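# Residue-level structure breakdown
If you want the building blocks of each chain, they are given just below.
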Amino acid sequence: MTAKMITFIRAHKRLTVIIFLWVVFCGFFIIPNWHEGPEPLYFLVFSIGFVTLISAQLFWIGGILAFGKRFISRKPQRVWLAIILIVVYALFLAHNFGIGDRLLGGDSTHLTMRRLVVDGVWSVWLVGSWVGFGLVMVFWTVDRMTRTATWVYHHKARNAASSHADVPIPDATASNPPSPDRRRLLERTAVALSAAPFVAAGYGLLYGRFNVEVTRHRIRLARLPKAFEGFHIAQLSDIHISPFMPAGEIRRCVTLVNELKADLVVLTGDYLADDRQAQGEVVQALAGLRAPYGVFGCLGNHEIYTETEDSITRLFAAEGIRILRQERVPIQSRGEMLNLIGIDYQSLRFSTDHSGHDVDQYLAGNEKLVMPEVVNILLSHNPNTFDRAAELGIDLTLAGHTHGGEFEFIHRGVSLTRIETRYISGWFEKPGGQLYVNRGIGTTGFPIRFGSRPEITIFELVRRI
């Protein structure tokens, strides 16, 4: 694998030039604007990811061609193999940029076999090649560093020994190539591990995105009224209706929620993926939710992108589901109450958040919705509002947005989502409040779930003693 990596680097001098020019461009962009906040850093991270992705495509396509040459001896046939690969890759690219959508049939909410093959295979290829190439780079770097460190160690040892002996010590350094057997073992291990992301991505496409987990959590609140001891709240988030999250799958999740028999059901945004025409269908799929104290929700950033904030709010209202937009509603039981607050998606100016309603401070203008004398529960799609919510005395914030990273190949919590927020998934607490970030049931970008299962959450509220 090391030899292959060296050959790859030497054979792609044009890639080196592209990377150099891209780095120079990034430098011109970042250095003059560094004072403007985290956007230049975000741009730098994006640039590194982009260059790595391009390198991964060249590496794996080159590997496929090299593998094919083992079985094809004649040059014309090798040329045809290269042409076929380029044409197939170009067709995938064309479809990915929307040129080939009309040829696939179906619509934005129903999965056809052709769309599964085209979109699914493309997603598995991109994710697998990207992560796999990253592992190859790690192996190559570790191998180079190990050889260099060993060479330095032996060089110093040889010099020290030579200074105390009359007879020169034979030259023997660890920079010599390892034995053929050891080299083959290392190469096979590296190839096997670098191919694992392709298998994991395939698993995430065919099974992981449907493997819904119902998680149960007990939330202890010091100010919880006795009337709400043992009160149950079910949370559903990030629906993202699409061909890979059709209405039938959403209804299956609705059935799972209803079987939990929660007292209150909350929805925390992102009902759509990228098609505004699907809003009626997703609302109808969610209309079957039932709870004694009602079904409430907030909006996410995808409702901003699709310009459906007002229209989908009306559609939900017609089905008895109330979307809270900078509003509060009392949840009353036996003369006592909880204060339920809902806000639209917000993002700070010059932040790494997805674009939305820009604010200089989270929850700005919504402080009046907080009722200091009662327990406050906030529905906010963006988990980054939690810090400000805790400052305002909001006892519990329920959020989504992150999908739990959507796929985590190396370690849970190691995710590109961490660039945007440190609240990736699960429960968090700080003085003044608690946060739960739901992983959602849908996907965006790649229809793959690995290491971050789709989630439906059921909370039991209890008094903290």
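These figures come from a predicted structure and were not determined experimentally. Residue positions within a chain follow its written sequence, with the count starting from 1. Per-residue local features are limited, in this predicted model, to residues with pLDDT of at least 70; the limit for side-chain atom pairs, both in listing and counting, is 80 or more; totals at the level of whole chains, interfaces and linings are taken over all residues. Excluding hydrogens and water, the side-chain values take into account all heavy atoms of the structure.

### Examining the overall build of the chain
Secondary structure follows DSSP: runs of H or I at least 4 residues long count as helices, runs of E at least 2 residues long count as strands, and numbering of each begins at the N terminus. Counting secondary structure elements, the chain contains 11 helices and 14 strands. Out of the 465 residues belonging to the chain, those deemed buried represent 45%. Counting only contacts in the chain whose residues sit at least 6 apart along the sequence, the fraction spanning at least 24 positions is 73%. Computed with a 1.4 Å probe, the accessible areas rest on the Shrake-Rupley method; for each residue, only the protein chains presented here act as cover. Accessible surface, the chain as shown: approximately 24,000 Å² in total, 63% of it carbon and sulfur. In this scheme, a residue with accessible area under 20% of its type's maximum is buried, one over 50% is exposed, and one in between is partly exposed, where area comes from a 1.4 Å probe on protein chains only. Residues are treated as being in contact if the distance between any of their heavy atoms lies within 4.5 Å.

### Points about the side chain of T268
Relative to the helices and strands, T268 resides in strand β3 (residues 264–268). Since its relative accessible area comes to 0%, T268 is described here as buried. Apart from the residues within four sequence positions on either side, T268 is in contact with Q235, L236, S237, C298, L379, H381, L398, A399 and G400.

### Focus on the nonpolar core
The biggest cluster of nonpolar side chains holds 32 residues, and the ones touching the most others in it are I250, L267, Y271, V282, L286 and F316. Looking at this core, the elements with two or more residues in it are β2 (231–236), α7 (247–259), β3, α8 (279–286), α10 (309–318) and β14 (455–463). At five residues, α7 tops the list of elements feeding residues into this core. Leave out the neighbours within four places in its chain, and F316 touches L267, Y271, V283, L286, I321 and I323. Put simply, a nonpolar core is a bunch of buried Ala, Val, Leu, Ile, Met, Phe, Trp, Tyr and Cys residues held in one set by side-chain atoms that sit within 4.5 Å of each other.

### Side note on the pairing of strand β4 (residues 295–298)
Residue alternation in β4 divides its side chains into two sets, V295 and G297 and F296 and C298, and both sets are buried. Relative to β4, β3 runs parallel, the two being bridged by four bridges. In the sheet register, V265 faces β4, and the bridge partner there is V295. With respect to chirality, the unit in which β3 leads through α8 into the neighbouring parallel β4 is right-handed. With two bridges joining them, β4 and strand β5 (residues 322–323) adopt parallel strand pairing. Bridge assignment links F296 to a residue of β5, and that residue is R322. A strand pair is defined by DSSP finding two or more bridges across the two strands. With strands facing away from the observer, any crossover in which the path from the first strand over the helix to the second runs clockwise is taken as right-handed.

### Side note on the sheet that holds strand β13 (residues 433–437)
Read from one edge to the other, the open sheet built from six strands follows the order β6-β7-β10-β11-β13-β12, with strand pairing classed as mixed. Here the strands that pair on one side only, and so sit at the sheet edges, are β6 (327–333) and β12 (426–430). Direction aside, the axes of adjacent strands within the sheet are offset by 20° on average. Pairing of β12 with β13 involves five bridges; the strand directions are antiparallel. The residue of β13 that forms the bridge with E429 is Q434. A fitted line through C-alpha atoms serves as each axis, taken over the contacting stretch for helices, and the angle formed by two N-to-C directions is quoted from 0 to 180°.

### Quick look at the pairing of strand β7 (residues 336–342)
Regular strands show a simple pattern: their side chains alternate between the two faces of the sheet. The element β7 is largely enclosed, with a buried count of six among its seven residues. Between β6 and β7, which follow one another and run antiparallel, lie two residues, and R334 among them has a positive phi close to 50°. Sheet analysis places β7 next to strand β10 (residues 375–379), joined by five bridges and oriented parallel. Within β10, the residue paired with N339 across the bridge is N376.

### What about the packing of aromatic side chains?
Stacked, tilted and edge-to-face pairs are distinguished by plane angle, under 30 degrees for stacked and over 60 for edge-to-face with tilted covering the rest, among Phe, Tyr and Trp rings (Trp via its six-membered ring) whose centres lie within 6.5 Å. The final tally for this structure, using the stated rule, is 12 aromatic pairs. Note on F59 and W60: the rings are 5.2 Å apart at their centroids and 85° apart in plane angle, and the pair reads as edge-to-face. Take F59 and W60: they sit in the same class, and that class is buried. Measuring from centroid to centroid gives 5.4 Å for Y203 and Y207, while their planes differ by 55°, and the two rings are tilted. Clustering of aromatic rings is evident, with ring pairs tying together F59, W60, W125, F133 and F198.

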